[in-house]
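Each chain is listed here by its residues.
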Protein chains: 2
Amino acid sequence: MTRYPDLDSLAVLLLVARKGSIGQAAEELGLSQPSVSRRMVALENAMRVQLLHRTRQGTVLTPTGRVVVDWASTLLEAADDFRRSVGALQAQSAVSVRAAVSMTIAEHHAPVWVARLHRTSPDYVVSMEVHNSREVADLVSSGAVDVGFVESPTVPKGLRRRRIGWDVLVLAVPPGHPWADRGEVTAAELAAVPLLVREPGSGTRETVEGALRRRGLTMTVGMTMASNTALKSAAMAGIGPVVLSELALHAELGSGQLVRVEVSDLPLRRPLSAVLRATERTPPGVTALLSVVGVRPDRPPRGPSAPRPSA
Amino acid sequence: MTRYPDLDSLAVLLLVARKGSIGQAAEELGLSQPSVSRRMVALENAMRVQLLHRTRQGTVLTPTGRVVVDWASTLLEAADDFRRSVGALQAQSAVSVRAAVSMTIAEHHAPVWVARLHRTSPDYVVSMEVHNSREVADLVSSGAVDVGFVESPTVPKGLRRRRIGWDVLVLAVPPGHPWADRGEVTAAELAAVPLLVREPGSGTRETVEGALRRRGLTMTVGMTMASNTALKSAAMAGIGPVVLSELALHAELGSGQLVRVEVSDLPLRRPLSAVLRATERTPPGVTALLSVVGVRPDRPPRGPSAPRPSA
DNA sequence: ACCGCGTCATGCACACAGCGTATGACGCGA
DNA sequence: TCGCGTCATACGCTGTGTGCATGACGCGGT
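Computed from a predicted model, the values in this text were never measured in an experiment.

The rules behind each value
Residues numbered from 1 in each chain as written. Chains lettered and ligands numbered in written order. Predicted model: local features only at pLDDT ≥ 70, side-chain atom pairs only at ≥ 80, totals over all residues. Heavy atoms only, no water. Core = buried A, V, L, I, M, F, W, Y, C linked by side-chain atoms within 4.5 Å. Buried < 20%, exposed > 50% of the residue type's maximum accessible area, 1.4 Å probe, protein only. Contact = heavy atoms within 4.5 Å. Salt bridge = Lys/Arg side-chain N within 4 Å of Asp/Glu carboxyl O. Polar contact = N/O pair within 3.5 Å; in protein donor to acceptor, adjacent residues only side chain to side chain. Helix = DSSP H or I, 4+ residues; strand = E, 2+ residues; numbered from the N terminus. Axes fitted to C-alpha atoms, helices over the stretch in contact; angles between N-to-C directions. Parallel < 35°, antiparallel > 145°, perpendicular 65-115°, else oblique. Left-handed = near helix turned anticlockwise from the far one by under 90°. Nonpolar A, V, L, I, M, F, W, Y, C, P; charged D, E, K, R; others polar. Domains from an automatic or database assignment. Buried area = accessible area lost by both parts, 1.4 Å probe. Near = heavy atom within 4 Å. Phe/Tyr/Trp six-rings, centres within 6.5 Å; stacked < 30°, edge-to-face > 60°. Lys NZ or Arg CZ within 6 Å of the ring centre and 35° of its normal. Least-squares fit on C-alpha atoms with pLDDT ≥ 70 in both. Expected span 1.5 Å × (residues − 1). Arc of directions from axis to C-beta.

A separate point is the nonpolar core. One finds Phe149(A) and Phe149(B) to be the most contacted residues of the largest nonpolar core, which totals 112 residues. Contact partners of Phe149(B), with chain neighbours within four places excluded, come to Ala100(B), Val101(B), Ser102(B), Ile105(B), Trp113(B), Val136(B), Ile164(B), Ser273(B), Ala274(B), Leu289(B), Leu290(B) and Val293(B).

A separate point is the interface of chain B and chain A. On the chain A side, the residues contacting the 52 residues of chain B number 52 residues. For the pair chain B and chain A, the number of links is two salt bridges. Across the pair Asp8(A) and Arg3(B) runs a salt bridge whose closest N-O atoms are separated by 3.2 Å. Inspection of the chain B/chain A interface yields 12 residue pairs in polar contact (both at pLDDT 80 or more). Sorting elements by how many residues they give to the side of chain B that touches chain A places helix α4 (residues 63-88) of chain B first, with 17 residues.

Residue and element names in this part refer to chain B. One can describe the packing of helix α1 (residues 7-19) onto helix α2 (residues 22-29) by two numbers: an axis separation of 8 Å at closest approach and a directional angle of 120°. Comparing the axis directions of α1 and α2 gives the class oblique. As α1 packs across α2, the resulting crossing turns out to be right-handed. Every residue of α2 that contacts α1 at Val12, Leu15, Val16, Arg18 and Lys19 is listed here: Ile22, Gln24, Ala25, Glu28 and Leu29. For the contact of α1 with α2, a count of residues per class yields six nonpolar, one polar and three charged.

Residue and element names in this part refer to chain A. Along its sequence, chain A is carved into domain 1 (7-94), domain 2 (97-164 + 278-293) and domain 3 (166-270). On a C-alpha basis, the centres of domain 2 and domain 3 stand 27 Å from each other. Taken together, the eight residues of domain 2 in the interface contact 12 residues of domain 3. A combined buried area of about 840 Å² lies between domain 2 and domain 3, and 52% of that area is made up of carbon and sulfur atoms. Of all residues in domain 2, the largest losses of buried area upon contact with domain 3 belong to Thr104, His108 and Glu151, amounting jointly to 48% of the total for that side. At the junction of domain 2 with domain 3, the criterion picks out one salt bridge. The residue Arg270 makes a salt bridge to Glu151 at a minimum N-O spacing of 3.7 Å. Run the count over domain 2 and domain 3 and you get zero residue pairs in polar contact (both at pLDDT 80 or more). Here the element with the most residues in the side of domain 2 that touches domain 3 is helix α5 (residues 103-108); it accounts for four residues. In terms of residue class, the side of domain 2 that touches domain 3 is built from one nonpolar, four polar and three charged.

Lining the immediate surroundings of DNA strand D are 22 residues, of which Arg39(A), Gln57(A), Ile22(B), Ser37(B) and Arg54(B) lie closest. For DNA strand D, the backbone makes up 64% of the atoms found within 4 Å of the protein, where backbone means sugar plus phosphate. Take Ser32(A): an N or O atom from its side chain is 2.7 Å from a phosphate oxygen of DNA strand D. Within the side chain of Gln33(B), a nitrogen or oxygen atom sits 3.1 Å from a base nitrogen of DNA strand D. Going through the elements one at a time, α3 (33-47) of chain A together with α2, α3 (33-47), β1 (52-55) and β2 (58-61) of chain B are the ones with two or more residues in the surface near DNA strand D. A class-by-class count of the residues in the surface near DNA strand D yields four nonpolar, 12 polar and six charged.

Close contacts around DNA strand C come from 22 residues, with Ile22(A), Ser37(A), Arg54(A), Arg39(B) and Gln57(B) the closest. Atoms of DNA strand C within 4 Å of the protein: sugar and phosphate make up 61%, bases the balance. In the environment of DNA strand C, a phosphate oxygen lies 2.6 Å from a nitrogen or oxygen atom belonging to the backbone of Ile22(A). When contributions to the surface near DNA strand C are tallied by element, the ones reaching two or more residues are α2 (22-29), α3, β1 (52-55) and β2 (58-61) of chain A together with α3 of chain B.

What follows is about the packing of aromatic side chains. Counted under the stated rule, the structure contains two aromatic pairs over all chains. Ring centres of Trp113(A) and Phe149(A) lie 4.8 Å apart, and the angle between their planes is 50°; this geometry places the pair in the tilted category. Here Phe149(A) lies in strand β5 (residues 147-150) and Trp113(A) lies in helix α6 (residues 110-120), a separation of 36 residues in the sequence. On the basis of relative accessibility, which here comes to 3%, the residue Trp113(A) falls in the buried class. When its relative accessible area of 1% is taken as the criterion, Phe149(A) is described as buried. Between Arg269(A) and the ring centre of Trp166(A), over which it is positioned, the NZ or CZ distance is 3.8 Å. The ring of Tyr4(A) is capped by Arg83(B), whose NZ or CZ atom sits 4.6 Å from the centre of that ring.

Quick look at the environment of Ser227(A) now. With respect to the secondary-structure elements, Ser227(A) resides in the loop between β9 (221-224) and α11 (228-236). When the C-alpha atoms of Ser227(A) and Glu280(A) are compared, they prove to be 35 Å apart, with 53 residues separating the residues in sequence. Residue contacts for Ser227(A): discarding those within four places in its chain leaves Arg198(A) and Arg66(B).

Let us now look at the relation of the copies chain B and chain A. Each copy superposes on the other: chain B lies on chain A with an RMSD of 0.1 Å after a rotation of 179° and an axial shift of 0.0 Å. One copy is carried onto the other by what is essentially a two-fold rotation axis. Both copies share a contact surface, since 100% of the interface residues of chain B are interface residues in chain A too.

An α-helical turn contains 3.6 residues, so a residue and the one three or four places further along point in the same direction. Here α3(B) contains 15 residues, and its C-alpha end-to-end distance of 21 Å stays within 8% of the 21 Å for a straight helix at 1.5 Å per residue. Within the span of α3(B), buried status applies to Val36(B), Met40(B), Leu43(B), Glu44(B) and Met47(B). Along the axis of α3(B), the buried residues cluster in a sector spanning 95°; they form a single face. For α3(B), the exposed residues lying more than 90 degrees away from the buried face are Arg38(B), Asn45(B) and Ala46(B). Here the buried face of α3(B) lies against α4 (63-88) of chain A together with α1, α2, β1 and α4 of chain B. Immediately downstream of α3(B), the backbone of Arg48(B) shows phi near 55°, a positive value.

This is the structure we're talking about:
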């Protein structure tokens, strides 16, 4: 089995580096000094790299160790974001902000937002539910949640909407595909081939269908899968072209595993919106969340600025 | 102890999701079916979230599970990058590309490059040593490594250089600091206050010193630390202003823990360069590495394009 | 010169988590 | 009704991680 690094040990390494002493790190962790000492030995053995320089006056990082610590701290930050995001799913009590989000937003934006809110206002605890766009709107209407985030262009009556950015959909094919060299196709060509798409009701799918319908075209469904990751794998395996959020395809497009193909005469983008009850005054937690998301407190004259996918 | 998620279990979860069956995932992993079953139960208990829907016909993800799987896959990608980067430090045998890099590049660029090279050309194995700029040049000259990456503006004779981008240095202070509100200071003001800097010989430090010297000024050394992370912590604690690569400060500037201050009359940037032996023909592994780094095969008419800090 | 303090490493015993084997419960289809 | 495939549970073992006790060593005060 491909062994992944033990994040707990990496966290201990960071603490040892910061304290400059194995014993002091152990004390802060509530562990014994020998335990931490052996953990560091085990870590060095696993990595086959000398990380620490032990002296009688304490323990300092080797040059290699400094680099590893830096890499480890970014990895641990990613793990923290993951942990906090999962924590928001637990729908527990003592929550300051109750949010409902649609799938694409949950997958790609929510972790960034939760992390940002935690860094700027650590006191707020977010609870988050994942639903499709219609359900999100219902949850906001009924008062089950305080705020919703959706990709669909319209919202029901009684709710007000704040534009928070754009989600750009991208057509992608594997490198060998005939379209890969052309780099551009027409909407009619796109409609003619079986496409890999999400299940019915998904915002991504409806956006594509709607855009084609406005051109008088109908989407040809190739294979339906309920997960973006599965769709990407299928596309890479050459099953067919796929249309997904640019954010979902970021890694694959960057590494060349998939190639972006422009659709010349089809606007494949959709607004990302926050959804709130029109009548009510927004609670402070929601305001804080909206501000880290990129929405100014009240009806601002600011253009749409897509939030960066984070580091 | 703050428990981090177990990456191995997350990897198992991804496999279960892909296979649609606990037993089949177990077989692929060379584990027993009960073992994987228990692991998934443990994972769900730890997260306090229902991830899987078990039927007699197999196991599928719950909607929540799909989101968690997506988050987990990005976390695992980060972990893979970490693992590969650490692997490159092992200086083992059977290596296709031997590189030497300076600290800032090792910390912020190298993991991205290693990951990208792995995705485009998985056969190449990179070995990497971390040294300061002068040592990197020496290692290339002597033939100990095939290619070097440095931040310094000059290279010794006998070596040729390829510009691969720019590293922008940023002056940063904590939010309470008087400079934080002003947003801009002069080079003379910067030179007058004790600065948090890296140890002598560091490229970051020399760049600042050199830029000030060209203005007829001398840097005032406040506190010297051998690690960027330590410097950031010190700056956030209010010990003093710090000048570091924009990449190193990305997270802190984004979350508002540190505030960027412009230095009006001081160009705080330095070129990132690949360093090669002038006489020799470059081996194929080096060419592949340079191409993922952003250098075209041979003397291209392309402007500098800073590579993105990765996802 | 010496002794105490702080540093890290090692030896030993124990607890627990994770694993495999064996077995049970259940639904689907022949 | 029976066989097959699914997942869960029970039991015993092994290995890893832990704490406690102890040892080795340098530095600095007395």
